[in-house]
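# Structural description and commentary
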Amino acid sequence: MRTVVAAIPREVKDGFRYDEIPWQRFPHFYGPGEEVSVRLAALAAEDAEDDEAAEAAGRALRQLWDHLHHQGSTIAVGALAVPFLLRIAATGFPGLRADTLRLVAEIARSQHLGDGSREGLLEVTEEPSLIEGTTMCPVNWTIQAARDAITDDLHLLFPLLSDPDAEARSAAAFVLAVATGEIPYISSALHRRLAVEDDRVARVSLILAIAQLAREHQDELAPSWARDLWSDSGRSPETRIGAGLAWLCLVDDPVPGELRALLLDPGTERQADLLQQVPWLGPVDPNHGLRRCIHDMLTPDVPWNRA
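The following paragraphs examine the structure supplied in this document. (Residues numbered from 1 in each chain as written. Predicted model: local features only at pLDDT ≥ 70, side-chain atom pairs only at ≥ 80, totals over all residues. Heavy atoms only, no water.)

## Quick word on the overall build of the protein chain
Heads up, the condition is: Note on conventions: DSSP H or I runs of at least 4 residues are helices, E runs of at least 2 residues are strands, and numbering of each starts at the N terminus. The atom set for the radius of gyration is the C-alpha atoms, and the globule formula is 2.2 Å times the number of residues raised to the power 0.38. Categorising residues by exposure relies on relative accessible area from a 1.4 Å probe, with only protein chains included: less than 20% of the type maximum marks a residue as buried, more than 50% marks it as exposed, and the intermediate range marks it as partly exposed. Contact between two residues is taken to exist if any of their heavy atoms lie within 4.5 Å; hydrogens are not considered. Note that accessible areas follow from Shrake-Rupley with a 1.4 Å probe, and for residues the cover is restricted to the protein chains shown. In this charge count, Lys and Arg are treated as positive and Asp and Glu as negative; neither His nor the chain ends contribute. Charged side chains are reduced to one point each, which is NZ for Lys, CZ for Arg, CG for Asp and CD for Glu.
Regarding its fold elements, the protein chain presents 17 helices and 2 strands. A compact globule built from 307 residues should have a C-alpha radius of gyration of about 19 Å, and the protein chain, at 19 Å, falls within 12% of that. In the protein chain, which comprises 307 residues, the share counted as buried stands at 57%. Restricting to contacts in the protein chain with at least 6 residues of sequence separation, those with at least 24 account for 66%. Of the roughly 13,400 Å² that the protein chain leaves accessible, carbon and sulfur atoms contribute 49%. Positive and negative side-chain charges of the protein chain, numbering 28 and 47 respectively, have mean locations separated by a distance of 3 Å.

Set out below in structure tokens:
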């Protein structure tokens, strides 16, 4: 899959020439791979302002989620779809942009269902021994192929950090955090956006994206950056919460009393429903993502039990 995705010519991707892609070699969770190209074509409907076309595109996107990322698992044909999903996100129906970007990011990272731990929240790669059942391909190979495809198309993602829709900006950060190259440039772009971002969910997403890149690429300055944010009482609550989670994922240090107090403060609990929209948190728990992360990070030896 890594070889196949890397070999797709730019003109094939830009021209949405689905017929030149070997979909038949890679089935999806419920059927033949050729069906993926049909759904992509429906999602990329040109008349996006037409209500009927927009509704059909929405159905196609929901089907692609089922076909390519069922129950949190990555499948080989998903990597093949990534270049086209990115172009559809950049040029297609704006109302579907955020969900399309989130699908791309989920294809390109490990499963996170129920894992809000310090080790797991920002983890991208999968266990090398994990095999995807439909093709018997190592899941990490598929993830790598998807991540490389994203890196090849960074030019499509950077403009989306300034998208009018805050949800799309948040999702763009989610995708950029799994890139495999141009890391200093990506990190700088995320920092610049964070400096002007006025949406609370997007702000936390930018913080986690910066931290995820820093964690994987061993940026030694990132822990002090995150600590400066969460320890600054003059910062907004969501900035401090996001930076607190980021710092816990970047270091192995014991949890400082000041940070524990911040994360357990009733004010943080009041942020939980809003921050559920942060794309990292939904996969951890569909209803209690922030609460689950705080529990898993502060009390890792206590089983999660949320009624």
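Anyway, onward from the coordinates.
## Overview of the packing of aromatic side chains
What counts here: Under the pairing criterion, centres of Phe, Tyr and Trp rings, with the six-membered ring standing for Trp, must be within 6.5 Å; the plane angle then separates stacked pairs below 30 degrees from edge-to-face pairs above 60, leaving the rest tilted. Consider the ring centre and the ring normal. A charge sits over the ring if Lys NZ or Arg CZ is within 6 Å of that centre and within 35 degrees of that normal.
For the coordinates displayed, the defined rule picks out 7 aromatic pairs. Plain terms: the ring middles of Phe-16 and Phe-84 are 6.5 Å apart, the flat faces sit at 40° to each other, and that makes the pair tilted. Remark: Phe-84 occurs in helix α5 (residues 76-91) and Phe-16 occurs in the loop between α2 (10-14) and α3 (34-43); sequence separation between them is 68 residues. Phe-16 gets classed as partly exposed once you look at its relative accessible area, which sits at 26%. Cluster of aromatic residues (ring-pair linked, three or more members): Phe-16, Tyr-18, Trp-23 and Phe-84. Above the plane of the ring of Trp-141 lies Arg-2, whose end atom (NZ or CZ) is 4.5 Å from the centre.

## As for the nonpolar core
Using the following cut-off: Among the buried residues, those of types Ala, Val, Leu, Ile, Met, Phe, Trp, Tyr and Cys that are joined through side-chain atoms within 4.5 Å form a nonpolar core.
Counting residues in hydrophobic clusters, the biggest one holds 103 residues, and the most contacted among them are Leu-40, Leu-85 and Leu-190. Considering each element in turn, this core owes the most residues, 11 residues, to α5. Apart from residues lying up to four places away in sequence, Leu-85 is in contact with Leu-40, Leu-43, Leu-64, Leu-68, Thr-100, Leu-103, Val-104 and Ile-107.

## Concerning helix α11 (residues 200-216)
Put simply, the test is: To estimate how far a helix should extend, the number of its residues minus one is multiplied by 1.5 Å. For the purposes of these results, a polar contact is taken to be a pair of N or O atoms within 3.5 Å, where, inside protein, one atom must be able to donate a hydrogen and its partner to accept one; residues adjacent in sequence count only when each atom of the pair is a side-chain atom.
A rise of 1.5 Å per residue sets the reference length of α11, with its 17 residues, at 24 Å; its end C-alpha atoms lie 25 Å apart and thus fit the reference within 8%. Across the 17 residues that make up α11, a large majority, 14, are buried. Where α11 begins, one side-chain oxygen reaches toward the backbone nitrogen of Val-201, 3.1 Å away; that side chain belongs to Asp-199. Just past α11, the residue Gln-218 takes up positive phi, approximately 55°.

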